[in-house]
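Read off the chains here:
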Amino acid sequence: MPKTIYLDHSATTKVHPTVLEAMTPYFQEEYGNPSSLHHKGRVIRQALETARGQIAKYLHCDDKEIIFTSGGTEADNLALFGVAQALKSKGNHIITSAVEHHAILNTCSQLKKNGVDVTILPVDKYGLISPAELKKAIRPETILISIMYANNEIGTIEPIAEIGQIARQSKITFQTDAVQAIGKTRIDLSKLPVDLLTMSAHKIYGPKGIGALYIRKGTRLAAQQFGGHHEFRKRAGTENVAFIIGFAKAIELVHQNLESDNKKIAELRDRLQNGITKNIPEVLVNGHPTERIPNLLNVSFKYVEGEGIILNLDSSGICVSSGSACTSESLEASHVLSAMGVPTETAHGSIRFSLGIENTAAEIDFTVDCLVKVIDKLRQMSPLYKKK
Ligand SMILES: *Cc1c(COP(=O)(O)O)cnc(C)c1O
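Residues numbered from 1 in each chain as written. Predicted model: local features only at pLDDT ≥ 70, side-chain atom pairs only at ≥ 80, totals over all residues. Heavy atoms only, no water.

On to the packing of helix α4 (residues 72–86) against helix α5 (residues 102–113), then. Packed helix pairs are characterised by how far apart their axes lie and by the angle those axes make with each other. One way to put it is that α4 packs onto α5 with a least axis distance of 9 Å and a crossing angle of 35 degrees. The hand of the α4/α5 crossing is right-handed. For the pair α4 and α5, contact is made by Thr 73, Asp 76, Asn 77, Leu 80, Phe 81 and Ala 84 and by Ala 103, Ile 104, Thr 107, Cys 108, Gln 110 and Leu 111, respectively. Residue composition of the contact of α4 with α5, grouped by class: seven nonpolar, four polar and one charged. (Axes fitted to C-alpha atoms, helices over the stretch in contact; angles between N-to-C directions. Helix = DSSP H or I, 4+ residues; strand = E, 2+ residues; numbered from the N terminus. Left-handed = near helix turned anticlockwise from the far one by under 90°. Contact = heavy atoms within 4.5 Å. Nonpolar A, V, L, I, M, F, W, Y, C, P; charged D, E, K, R; others polar.)

Okay, structure coming up:
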């Protein structure tokens, strides 16, 4: 077995060697500033615009609709603050869901402090929002709907096309955080009724610290950062060219073999799921059984603590997480599982396995073997298990 079995691709991924290779010249050879008029700048401007065009091509949108940011978090912040500010005179009500990433939920909390009213839609036991509930939540002063494409803890895919239709009918701007969906599903923005879409490179074998916000032409959004006239005046600051080049290469690579990679990864995910459910009693698979991205499996192991599982697996070289990387530092139960009605004790014993292109069947089998031992050991020590 390799020293590390990495099953935490929803937290971040290793930079693909081809991505790194594409980025390398832009540190020392082509170091110009894309805003400079001389040849060193012009070369970079062209490379930057080619990268933008590549990303736009895979999303079926216009180049000018892609705005580079420092990552998914910044894109989410820009979308929410940007729309809230631009449409202030129209209304002050935003609708989101209880299972969003903290980049959305905590931005909403901040907006609330600025006087924006926020409705947080509930989800069903699979983590799906209800389009009927969404319709009921819409008010004359609703300016924005923000619902994620695919959930980062459970993998459930929300009914984005249907939500978009509802938003269109009510003339409300619709933003979706697609950080976990990009590279798992093909997104066609010429058909999908989405106005703003968040992306991040480091979840798709690109570098950390670069992402983008798709802003559909005509969408009103106020810049949140001021300086030069970069990024169509939507986001000031010299562009992170090398990382943008890497991001574009990563987008290209994940789309090249998307269907076959998905198939291979889903098979491994199923192997893991079957291995766990067949060999370990009292487990619960969280998330939608079919409407889900292929690489993610969330399982609750009753009567044990997630932290204990993580640390025990880690000592065998296996990297997994409990819910999201952001929640794992706190002892709160996952807000996603809580919203789905998973009891707190059960939620505490939940583990997210997220697979990637390099994982193998042997790694999955080894992980299942380790899990069987770890769960048994932890349950023997668990007062909850003994009381049962
Ligand atoms: C990782 C993630 C983010 C944050 O993206 P960063 O580039 O790390 O800032 C936002 N939303 C979702 C769903 C994510 O999984």
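Now, onward.
Aromatic ring pairs are defined here through the distance separating the ring centres and the angle between the ring planes. Following the criterion strictly, the structure yields three aromatic pairs and no others. Seen from their ring centres, Phe 27 and Phe 243 are 6.5 Å apart, and the 80 degrees between their planes marks the pair as edge-to-face. Taken together, the residues Phe 27 in helix α2 (residues 25–28) and Phe 243 in helix α8 (residues 241–256) connect sequence positions 216 residues apart. (Phe/Tyr/Trp six-rings, centres within 6.5 Å; stacked < 30°, edge-to-face > 60°.)

Let us now look at the side chain of Ser 321. By the secondary structure assignment, Ser 321 is in the loop between β11 (318–319) and α11 (335–339). Apart from residues lying up to four places away in sequence, Ser 321 is in contact with Asp 8, Ile 310, Ile 351 and Arg 352.

Attention now goes to the packing of helix α10 (residues 306–314) against helix α13 (residues 361–381). With their axes 10 Å apart at the nearest point, α10 and α13 run at an angle of 135 degrees to one another. On the basis of their axis angle, the class for α10 and α13 is oblique. As for how α10 packs across α13, the hand of that crossing is right-handed. On α13, the residues touching Gly 308, Ile 309, Asn 312 and Leu 313 of α10 are Cys 370, Leu 371, Val 374, Ile 375, Lys 377 and Leu 378. The residue inventory of the contact of α10 with α13, partitioned by class, reads seven nonpolar, two polar and one charged. (Parallel < 35°, antiparallel > 145°, perpendicular 65-115°, else oblique.)

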